[in-house]
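Chain by chain, the residues run as shown.
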Amino acid sequence: EVPRRGRAGRDPAAAAMMSTSAQGSLRVLHSFGSHRGASCSAPRCTRPSKLKGCRVRCRGEEEKLSDVQSAWLDVSPLPFLATLPAVSTSAANAMDAADNLSATTTYVPSAMDAGDGWAQFVVLMVTALCGLVGMKVSFDGEQTASQDAISERVAKQVAAMETAETIPVIGVPLGDLKDRLAVSGTASSLDTDGLLRIDGVLSPDTAKALLAEVNATLERELARAGKGSLPSDSFGNVYCKGNRYDLKLPLRGVAEAALREAVLNMGPVLEKVAGGNTAKLCEFAALVSDPGSTRQPVHPDTNYRRDRCVVTTFVALQDVESEMGPTVFIPGSHTARAHLAFKEANEVGGPALAAQNCVATLRTGDVSMFDSRLLHCGGGNSSNKRRVLFYFSFEVSGKENPNSGFSSIRDELRGTLTLQDLRHQPKVETVSY
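Residues numbered from 1 in each chain as written. Predicted model: local features only at pLDDT ≥ 70, side-chain atom pairs only at ≥ 80, totals over all residues. Heavy atoms only, no water.

A. Main features of the overall build of the protein chain. Within the protein chain, the secondary structure is distributed over 11 helices and 11 strands. Counting only residues that meet the buried cut, the protein chain has 39% of its 433 residues in that class. Long-range pairs, those at least 24 residues apart, make up 87% of the contacts in the protein chain between residues at least 6 apart in sequence. (Helix = DSSP H or I, 4+ residues; strand = E, 2+ residues; numbered from the N terminus. Buried < 20%, exposed > 50% of the residue type's maximum accessible area, 1.4 Å probe, protein only. Contact = heavy atoms within 4.5 Å.)

Right under this line is the structure:
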């Protein structure tokens, strides 16, 4: 029999069958039904009248409404309420069973001295090891995909540059920079081409001593790293890391002597291109390219901005021959037009790469200086010789360097030295090897 709305909740038999939560659900449904019923009650007369028959009409309408409400209560509009007690009981039992299942199946490791304690420990260790191996495989896969993408980009760039004219970078002997006019003329090349070369900046003895120091420091730092990743306190980030290293140098001994010697010899030019003696040293490192290192993609060190912000100097510590992967520069590509063309061609073609390029084959102690916005790349080393470039960079006075926080310099040196500091403090004696 279908119980009347409003009575099932008070049925003792039904109440005994249902849990407290089920009864609460039923009360909500009862409340819903009672609201529906209440909405059918007769409204109060809003237009009282003294005319004969007014109250009779109201009573008649009220009686009709009462009949409708009674009929509505006799025939339930929600037939499923007939099975509500049974459904509620089943739901309550299911919830109680789920609670009991949850309470009894929660994993609690056994004590180590229990019968299966060591077995569970082994299972946990194997699971953790599998997770670590999976992470390593995923990471290696991402690195491989990244290297493949870089190799594909390099191949497209090389194809786009095949028809371009390639010329050597023409150098100015250091001895010719003796007057202001010569200095201004040389410095102007950085404005027009974004590139200049000065020969004989570092003495052969200093270059030889620093080369030995770089090789010894590199071996020591690689041994410290072991099979792990290279420590960021000694290595910077560099494109195509296989057989290529960006080694941050300490400011002492031979490295400091070489820096001061180069800055002293190029002082007037550096002052001109870096906006004065207040320019800050922002990079101090060595680029090492071992045999087998691959060609880098063409790139700028700084994305285009209107003003020059960083000037970088590469110093050859041994003769750099064409098979050793000398740096390739695209003169004039530090401009807005060149950067736009480079981006529009997705960095793999277009007029920027079709323009004339220069290959910086250098003799020991020679220098390539360039605007950090200039498009360039390191070549692939197909020889059996290591190529080492000692390099340093200065932030142009009054200009913002967007890479100042992660440029290749040891943290203790970042932002601490100016061009004037390095030009006028006593020069450290060169150590011979």
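On we go.
B. Summary view of the pairing of strand E5 (residues 280-289). Within E5, 9 of the 10 residues are buried, which leaves it mostly tucked inside the rest of the structure. For strand E4 (residues 244-248) and E5, the ladder comprises 5 bridges, and the chain directions are antiparallel. Opposite aspartate 246, over in E5, you have leucine 287 as the bridge partner. Of the pairings in the sheet, the one linking E5 to strand E11 (residues 387-395) comprises 9 bridges and is antiparallel in character. When the sheet's bridge partners are listed, alanine 286 is paired in E11 with phenylalanine 390. (Pairing = 2+ DSSP bridges.)

C. Up close: the layout of surface pockets. Roughly 940 Å³ of volume is contained in the largest pocket. Considering the residues around the largest pocket, the lining is formed by 40 residues, among which Asn237, Val238, Tyr239, His299 and Asp301 are closest to the centre. Those elements giving two or more residues to the lining of the largest pocket turn out to be helix H5 (117-161), E4, E5, strand E6 (310-316), helix H9 (336-344), strand E10 (376-377) and E11. In the lining of the largest pocket, the residues fall into 15 nonpolar, 16 polar and 9 charged. (1 Å grid on protein atoms, 1.4 Å probe; cavity = no way out; pocket = protein on both sides within 12 Å on 5 of 7 lines; lining within 4 Å. Points joined across faces, edges and corners; volume = space filled by probe spheres on them. Nonpolar A, V, L, I, M, F, W, Y, C, P; charged D, E, K, R; others polar.)

D. A look at a nonpolar patch on the surface. On the surface, a cluster of nonpolar side chains totalling about 430 Å² of accessible area is made up of Phe121, Val122, Leu124, Met125 and Val126. Topologically, leucine 124 is positioned in helix H5. Residue classification places leucine 124 among the partly exposed residues on the basis of a relative accessible area of 44%. (Patch = residues over 30% accessible without salt bridge, like charges linked within 9 Å, V, L, I, M, F, W, Y side chains within 5 Å. Areas by Shrake-Rupley, 256 points an atom, 1.4 Å probe, with all protein chains shown as cover. Salt bridge = Lys/Arg side-chain N within 4 Å of Asp/Glu carboxyl O.)

E. Structural context of the pairing of E11. Of all 9 residues in E11, 9 are buried; the element is thus mostly enclosed. When E6 meets E11, the two strands line up antiparallel, connected through 7 bridges. Across the sheet, alanine 316 pairs through a bridge with leucine 389, a residue of E11.

F. Up close: the packing of aromatic side chains. Considering all chains together, one arrives at 7 aromatic pairs under this definition. Aromatic pair phenylalanine 284 and phenylalanine 390: ring centres 5.9 Å apart, planes at 80°, arrangement edge-to-face. Here the residue phenylalanine 284 occupies a position in strand E5, and phenylalanine 390 occupies one in strand E11, the gap between them amounting to 106 residues. The class of phenylalanine 390 is buried, set by a relative accessible area of 0%. Plain terms: the ring middles of phenylalanine 390 and phenylalanine 392 are 5.7 Å apart, the flat faces sit at 50° to each other, and that makes the pair tilted. Looking at phenylalanine 392, the relative accessible area reads 0%, which means it is buried. Put simply, the rings of Phe284, Phe390, Phe392 and Phe394 pair up and form one aromatic cluster. (Phe/Tyr/Trp six-rings, centres within 6.5 Å; stacked < 30°, edge-to-face > 60°.)

G. Layout of the state of the cysteines. Here the structure, examined in full by the defined rule, presents 0 disulfides. Here cysteine 309 stays free of any disulfide, with the sulfur of cysteine 282 as its closest cysteine sulfur at 8.5 Å. Classification of cysteine 309 as buried rests on a relative accessible area of 1%. (Disulfide = S-S within 2.5 Å.)

H. Here's a closer look at the sheet that holds E6. The sheet built from 7 strands is open, its strands ordered E2-E3-E9-E6-E11-E5-E4 with mixed pairing. Where the open sheet ends on each side, the last strands, each with one partner, are strand E2 (172-173) and E4. With 5 bridges connecting them, E6 and strand E9 (residues 367-371) associate as antiparallel partners. Counterpart to phenylalanine 314 in the pairing with E9 is serine 368. Most of the contacts of helix H6 (residues 180-192) go to strand E3 (residues 195-199), to which it runs at about 145°, and overall it touches E2, E3, E6 and E9. Those strands touched by helix H7 (residues 204-225) are E4, E5 and E11, and its axis lies near 100° from that of E4. (Axes fitted to C-alpha atoms, helices over the stretch in contact; angles between N-to-C directions.)

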